[in-house]
Amino acid sequence: MGVEFPLRVLLIGNGGREHAIAWKLSQSPLVESIIAVPGNGGTATCPKTTNNTSVSAEDFPALLELARKNNVNYVVPGPEAPLVAGAVDFFENAGIKSFGPSKKAAQMEGSKTFSKDFMKKHNIPTAAYENFSDYDKAREYLDRVQHDVVIKASGLAAGKGVIIPTSKEEAHKALKDIMQNKEFGSAGDEVVIEEFLTGDELSVLTFSDGYTIKSLPPAQDHKRIGEGDTGLNTGGMGCYAPTNIATPDLVAQIDRDIIQPTIDGMRKDEMPFVGILFTGLMITSTGPKVLEYNVRFGDPETQTVLPLLSQDTDLAKIMVACSERYLDSVLIKIEPNYSATVVVAAGGYPESYAKGDEMKVQNPPEGINIFHAGTKLAESKLLTAGGRVIAASATAAQSLRAAVDKAYEGVKLIEFNKMYYRRDIAHRAFKPTPDTKEALTYAQAGVSIEAGNQLVERIRTAVRSTRRAGADAEIGGFGGEVDLSKAGFSSDAPIMVGAIDGVGTKLMIAQAMRDHTTVGVDLVAMNVNDLVVQGAEPVMFLDYFGCSKLNPEAAAAFVESVAAGCRDAGCALVGGETAEMPGMYKEDDYDAAGAAIGVMRPSDRLPCHDAMAPGDVLLGLASSGVHSNGFSLVRRILAREKLDYGSPAPWDSSRSAGAALLTPTRIYVRSVLAALPRLKGLAHITGGGLTENVPRMLPKHLAAEIDVAAWTLPPVFAWLKKAGNVEPAEMARTFNNGVGMVAVVSASDVDAVKQQLEAAGETVYTIGKLTARTDGVAGCVLRNLESWS
């Protein structure tokens, strides 16, 4: 039998959550009356609501008798305890519909072990964990793990059974308190020890009928008692919504990857979830992960998000739609407002605190709600009756700051002895974000592209003074040439091409990671790629290794990686120099440089300026990552984000940030040489990015027009842009952004060249074309830069 209107509701509970539920339900024309058991000082004066303290909220048979006596036809258990104890099953077996999950489904909150095992089974992202019912095994596990941990009592502990220790000593004390000293009673018979996740927390309340989900705006709670998120954990000292980190894309991802799979998994496990699911999330650098599930409205999240429902959004209708399995037919409208809640607690909470103090609460103006929690009416006097006593909630259309300020105005309406509240609610929302923090540039990281260009111009005269037969001594290209046939050697002698380069500050990451097995490849790549763009085949390589104190292991690993790069490029490592210079570098730091020598025939020389024409096509060869340029800015961004090299890479959770950044520069020699006869020009995308490097291969009457939307910005660059708030144009002149080499080919040769390069293992994009260049037009014009935003 379905639910019949009007509703006569039995509301179980006495917290701020229950007052907020009663407040919103009382606005529904579908609700005739509400009995709150036991209720509080706020529900006592709520429209349509009466408190009843004649029965215990835990005595289901007595509650059923009360319900029948008052013709109750709908039950709303507020806290987790009655839900976990099977309140919904009990009342529905007695013929009264209820809002909430079955006893079986309520295990998702009733047992942390159960919920963690559920997440593992259904591949729902969460922290790594282990369950323990044996204290000694749990203690041994704590001694063994190297990462920070969170210790959770598996059973219900009134929201306080989660300990976040800051040391091994604290972890062992918490474990002993929970499992041996029974600080949380039987809830601590079993514990979950899980990896401590870092990031921003979000709470999402989601209505569900077992199939459909409808989530409310994500909120952010403040669990710690002290300002700046310090001190002991509490049930929650304040909350705000919406949050600035909950972008539409993130909200969609949470629904798609976490909440819907949770509801689907519960149904497949024969425990369909009906009611409101609270999902506690950590938004980590690798995406959202579940911290916990609650099977009821959160507190104080409820006091924050219910006021965001529009006036014509009927909470009673939503609840019945969940119970009757037709949630998909109900419209939930969220007002485009901001909401904040400040909880006022008794002095001493969450440890010992007084009860029974008389309170005064003034009537709030429009836009502010006072939601009672630990209060009660006794002989017409309002008294404190709990730790978290009362809360001021406010909404505002203008901004979150306006809502927070209004909530604190609401706190001024509350008065009782030794009242305590945090004065920094929503402080995380007001810290710098990608939208407000300083936009970083390569110059701010200590590298000036302009200064480098100015140096080249300044030394041109000195360099030209060294010209000789066969060598014009011009600089500014990718490498230098000597035509041996014009230098007095035989007429069929080849052209020699030389290039010299270093690895740059990428070496600092290698030194921090103590991993020297890839930067030698970088050194070779930076040189041989500069040779091949001129049409030369690398034949030999020399390296230089400078340090203050020689570390044979590091030096050997470095030279072995140089050899690996030479094998890839097909050139011989013919010599090198190791310079040990005490005092020149710090500790184990070192610097490295290399020189590559190649040869070519005049017919292979690139670029072919005379052959280039408007309409020629630009092909981009994919890079392997950041390669070896822009690392001064990369390191600045990581430092500002407080991300160390050993942390998981935000763009690649399978590797640490350091390991991912040490991905060696791609060597394009073999694939490009095979396609050389059809190429008109090549540009190696190094320092200066696309903006500076592509024009280096072009005649002055042509420009490159590149559509940066022609390929997907790789995750590492997308993260660097967002985290550093780097402007797209700055990205384009600092990094390769996913394209490490650009080739010019005739339109008629595009397909053949692409096939040849792809057969050699390259990923190739058609990225643009050559156009006629007029005065005032840049040598490289980038279209759709906004796509990187």
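Residues numbered from 1 in each chain as written. Predicted model: local features only at pLDDT ≥ 70, side-chain atom pairs only at ≥ 80, totals over all residues. Heavy atoms only, no water.

Draft legend 1. Structural view of the overall build of the protein. Helix and strand counts for the protein stand at 23 helices and 37 strands. Dimensions of the protein, computed from the C-alpha atoms along their principal axes, are close to 115 × 55 × 50 Å. Scored against the burial criterion, the 789 residues of the protein give a buried share of 53%. Put simply, of all contacts in the protein between residues at least 6 apart along the chain, 75% involve residues at least 24 apart. (Helix = DSSP H or I, 4+ residues; strand = E, 2+ residues; numbered from the N terminus. Buried < 20%, exposed > 50% of the residue type's maximum accessible area, 1.4 Å probe, protein only. Contact = heavy atoms within 4.5 Å.)

Draft legend 2. Representation of the pattern of salt bridges within the structure. In total, this model carries 27 salt bridges according to the counting rule given. Asp-405 is the partner of Arg-401 in a salt bridge, and the nearest nitrogen-oxygen pair spans 3.9 Å. You can see Arg-401 and its partner Asp-405 sitting in helix H12 (residues 400-411), four residues apart, about one turn around the helix. Look at Asp-405 and you get partly exposed, because its relative accessible area is 39%. Linked through salt bridges whose partners overlap, the residues forming this network are Asp-229, Arg-422, Asp-424 and Arg-428. (Salt bridge = Lys/Arg side-chain N within 4 Å of Asp/Glu carboxyl O.)

Draft legend 3. View of the packing of helix H1 (residues 16-25) against helix H11 (residues 315-323). Running from N to C, H1 and H11 cross one another at 105 degrees; their axes reach a closest spacing of 8 Å. With respect to H11, the axis of H1 lies roughly perpendicular. Residues Ile-21, Lys-24 and Leu-25 of H1 touch H11, and the partners they reach there are Leu-315, Ala-316 and Met-319. Grouping the amino acids of the contact of H1 with H11 by side-chain chemistry returns five nonpolar, no polar and one charged. (Axes fitted to C-alpha atoms, helices over the stretch in contact; angles between N-to-C directions. Parallel < 35°, antiparallel > 145°, perpendicular 65-115°, else oblique. Nonpolar A, V, L, I, M, F, W, Y, C, P; charged D, E, K, R; others polar.)

Draft legend 4. Geometry of the sheet that holds strand S36 (residues 764-772). What the six strands build is an open sheet, ordered S33-S35-S30-S36-S34-S37; its pairing is mixed. In the strand order of this sheet, the two ends are held by strand S33 (681-684) and strand S37 (780-783), each with one partner. Here the strands of the sheet are splayed against their neighbours by 25 degrees on average, with no regard to which way each runs. Examined bridge by bridge, strand S34 (residues 702-707) and S37 share four bridges and lie parallel to one another. Directly across from Asp-707, in S37, lies its bridge partner Arg-783. Contacting S33 and strand S35 (739-745), helix H15 (residues 519-532) runs over the sheet at an angle of about 160 degrees to S33. (Pairing = 2+ DSSP bridges.)

Draft legend 5. Examining the sheet that holds strand S25 (residues 480-483) more closely. Ordered in space as S25-S26-S29-S27-S28, the five strands form an open sheet in which the pairing is mixed. With partners counted over all chains shown, the strands left at the sheet margins are S25 and strand S28 (572-580), one partner each. Averaged over all pairs of adjacent strands, the angle between strand axes in this sheet comes to 15 degrees, irrespective of strand direction. Two strands pair when backbone bridges link them, and strand S26 (residues 495-502) and strand S29 (residues 590-600) are joined in this way by eight bridges, in the antiparallel orientation. Directly across from Gly-502, in S29, lies its bridge partner Ala-593. Where H15 meets the sheet, it contacts S26, strand S27 (537-547) and S29, and its direction lies at approximately 140 degrees from that of S26. Packing of helix H16 (residues 552-569) onto the sheet brings it into contact with S27, S28 and S29, and relative to S27 it is tilted by some 170 degrees.

Draft legend 6. Highlighting helix H23 (residues 750-759). Along H23, the residues that are buried comprise Val-750, Val-753 and Leu-757. Looking straight down H23, one finds its buried side chains confined to an arc of 75 degrees; they lie on one side. The exposed residues of H23 that point more than 90 degrees off its buried face are Asp-751, Gln-755 and Ala-759. Here the buried face of H23 lies against strand S30 (617-622), helix H19 (669-675), S35 and S36. Gly-761 sits one or two residues past H23 and shows a positive phi near 100 degrees. (Arc of directions from axis to C-beta.)

Draft legend 7. Structural detail: the side chain of Thr-234. Mapped onto the secondary structure, Thr-234 falls in the loop between strand S14 (230-233) and strand S15 (238-241). A polar contact is formed between the side chain of Thr-234 and the backbone oxygen of Lys-223, at a distance of 2.6 Å. (Polar contact = N/O pair within 3.5 Å; in protein donor to acceptor, adjacent residues only side chain to side chain.)

Draft legend 8. Representation of the pairing of S14 in the model. Sheet analysis places strand S13 (residues 224-226) next to S14, joined by two bridges and oriented antiparallel. Residue pairing for S14: Arg-224 is matched across the bridge by Asn-233. What sits between the antiparallel neighbours S13 and S14 is a turn of three residues, in which Gly-228 has the positive phi angle 75 degrees.

Draft legend 9. Looking closely at unusual backbone geometry. Cis geometry marks the peptide bond from Phe-5 to Pro-6, where omega comes out at 0 degrees. Turning to its location among the elements, Pro-6 is positioned in the segment before strand S1 (7-13). A cis amide bond links Ala-241 to the next residue, Pro-242, at an omega of -10 degrees. Inspection of the secondary structure puts Pro-242 in the loop between S15 and helix H9 (248-268). Unlike most non-glycine residues, Glu-587 shows phi in positive territory, near 45 degrees. With respect to the element layout, Glu-587 can be found in the loop between S28 and S29.

Draft legend 10. How the structure looks around the packing of aromatic side chains. Per the counting criterion, the structure on display carries 16 aromatic pairs. A ring pair is formed by Phe-90 and Phe-91, whose centres lie 5.3 Å apart and whose planes are at 90 degrees; its orientation type is edge-to-face. Under the relative-accessibility criterion, Phe-90 is labelled partly exposed at 26%. The residue whose ring lies beneath Arg-401 is Phe-430, and the NZ or CZ to ring-centre distance is 3.8 Å. (Phe/Tyr/Trp six-rings, centres within 6.5 Å; stacked < 30°, edge-to-face > 60°. Lys NZ or Arg CZ within 6 Å of the ring centre and 35° of its normal.)

Draft legend 11. The arrangement of a nonpolar patch on the surface in detail. A contiguous nonpolar surface patch, about 280 Å² in accessible area, is contributed by Val-539, Met-540, Leu-542 and Val-574. With three residues, S27 is the largest single contributor of residues to the nonpolar patch. Here Val-574 shows up in strand S28. Looking at Val-574, the relative accessible area reads 48%, which means it is partly exposed. (Patch = residues over 30% accessible without salt bridge, like charges linked within 9 Å, V, L, I, M, F, W, Y side chains within 5 Å. Areas by Shrake-Rupley, 256 points an atom, 1.4 Å probe, with all protein chains shown as cover.)

Draft legend 12. H12, seen in detail. Between its terminal C-alpha atoms H12 stretches 17 Å, which fits the 16 Å expected from twelve residues at 1.5 Å a residue. Looking at H12, one finds that the buried residues are Leu-400, Ala-402, Ala-403, Val-404, Ala-407, Tyr-408, Gly-410 and Val-411. Contacts made by the buried residues of H12 are with S15, strand S18 (338-345), strand S20 (368-372), strand S23 (388-396) and strand S24 (414-415). (Expected span 1.5 Å × (residues − 1).)

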